[in-house]
Amino acid sequence: MQQAAAEVEELSLAERAYRAIRDRLVMLEIRPGAPLNEEQLGQSLGVGRTPVREALKRLQYERLITTYPRRGTFATEVNITDLAHISEVRLELEPLAAAQAARRATAADRATLTLLRAELNDDAPGRDPAELMRLDLRVHRAIYAATHNPYLEDTLVRHDNLATRIWCLFVDRLSDMAGHVEEHGPLIAAIVAGDADRAARLARSHVEGFERAVREAI
């Protein structure tokens, strides 16, 4: 019984470590190419090395870190040539996710999305870029969760994470970052209203606008 409880606790610690390290990598708080030290990460998160090691296994699969024999583990570089590949996937799956969220969102999902929409309207142009990007991540993840398709959600979270790393790299050159984030308002409204066709169109337009904005910033 004690062993089972310990295993559950270890899993929860591994999940906490995974999410914290993932978001540091996504937001480039851990810079591309930087080494990752298991002991230092564990100390900063208040967990042991085993949860950190489990988290790093998942992050390697998600292409956020890479491990070299006898050299160690490093944050993956952000390569702009990946943008086309990532956008190719998102252009197909983001509209699908938006449409499915419009069809399947529960009352709790719609309440969460409505609260996020209110945050979008809360003086977005005056916000810190990092705060805007975190809000963008929260909106995307809430939409993916509302699809109630764990396979679709998992795939899109991973690709959105990679896209956000590219966005962070060029944030200082983007002309209207707040406008890009605020585009989610009509998308959320369509999902909450159950308008699957409109939600899909807006999601596709959003991905197209993201790729275009990044290419203009290069």
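See above for the structure.
Computed from a predicted model, the values in this text were never measured in an experiment.

Caption draft 1: Quick peek at the pairing of strand β2 (residues 65–68). Pairing analysis gives 4 bridges linking β2 to strand β3 (residues 72–75), with the strands arranged antiparallel. For T66, the partnering residue across the bridge sits in β3 and is F74. Hairpin connection between β2 and β3: a loop of 3 residues separates the two successive antiparallel strands, and R70 in this loop has a positive phi of roughly 65°.

Caption draft 2: Representation of unusual backbone geometry within the structure. Here R63, not a glycine, exhibits a phi torsion of approximately 65°, which is positive. Within the secondary structure, R63 is located in the loop between α3 (49–61) and β2. Residue R63 is classed as exposed on the basis of its relative accessible area of 61%.

Caption draft 3: Region of the structure containing the pattern of salt bridges. One pass over the full model with this rule turns up 14 salt bridges. For E29, the salt bridge identified is with R134, shortest N-O distance 2.5 Å. Linking E29 in the loop between α1 (2–26) and β1 (35–36) with R134 in helix α6 (residues 129–146), this pair joins segments that are 105 residues apart in sequence. A relative accessible area of 49% places E29 in the partly exposed class. The shortest N-O distance in the salt bridge between R204 and E208 comes to 3.5 Å. Placement of both R204 and E208 in helix α10 (residues 196–217) is noted, with a separation of 4 residues, approximately one turn of the helix. Overall, the relative accessible area of 34% leaves E208 in the partly exposed class. Because the salt bridges share partners, they merge into one network encompassing E15, R19 and R58.

Caption draft 4: Looking closely at the sheet that holds β2. As summarised here, the arrangement of the 3 strands in space is β1-β3-β2, forming an open sheet in which the pairing is antiparallel. Whereas interior strands pair on both sides, the edge strands pair on one side only; in this sheet they are β1 and β2.

Caption draft 5: Main features of the nonpolar core. Grouped together as the largest cluster of nonpolar side chains are 61 residues, with contacts concentrated most on I21, L25, L36, L56 and L59. If you tally residues by element for this core, the top one is α6, at 8 residues. Among residues more than four places away in sequence, those in contact with L59 are Y18, I21, R22, L25, L64 and I65. One finds A97, Y144, L152 and V157 within the second-largest nonpolar core, a separate group that totals 5 residues.

Caption draft 6: Here's a closer look at the side chain of E62. Assignment of secondary structure puts E62 in the loop between α3 and β2. One buried charged residue, E62, forms no salt bridge at all, with the nearest opposite charge on R58 at 4.8 Å. Beyond its immediate sequence surroundings of up to four residues, E62 is in contact with Y18, R158 and L162.

Parameters and conventions
- Residues numbered from 1 in each chain as written.
- Predicted model: local features only at pLDDT ≥ 70, side-chain atom pairs only at ≥ 80, totals over all residues.
- Heavy atoms only, no water.
- Pairing = 2+ DSSP bridges.
- Helix = DSSP H or I, 4+ residues; strand = E, 2+ residues; numbered from the N terminus.
- Buried < 20%, exposed > 50% of the residue type's maximum accessible area, 1.4 Å probe, protein only.
- Salt bridge = Lys/Arg side-chain N within 4 Å of Asp/Glu carboxyl O.
- Core = buried A, V, L, I, M, F, W, Y, C linked by side-chain atoms within 4.5 Å.
- Contact = heavy atoms within 4.5 Å.
- Lys, Arg positive; Asp, Glu negative; His and termini not counted.

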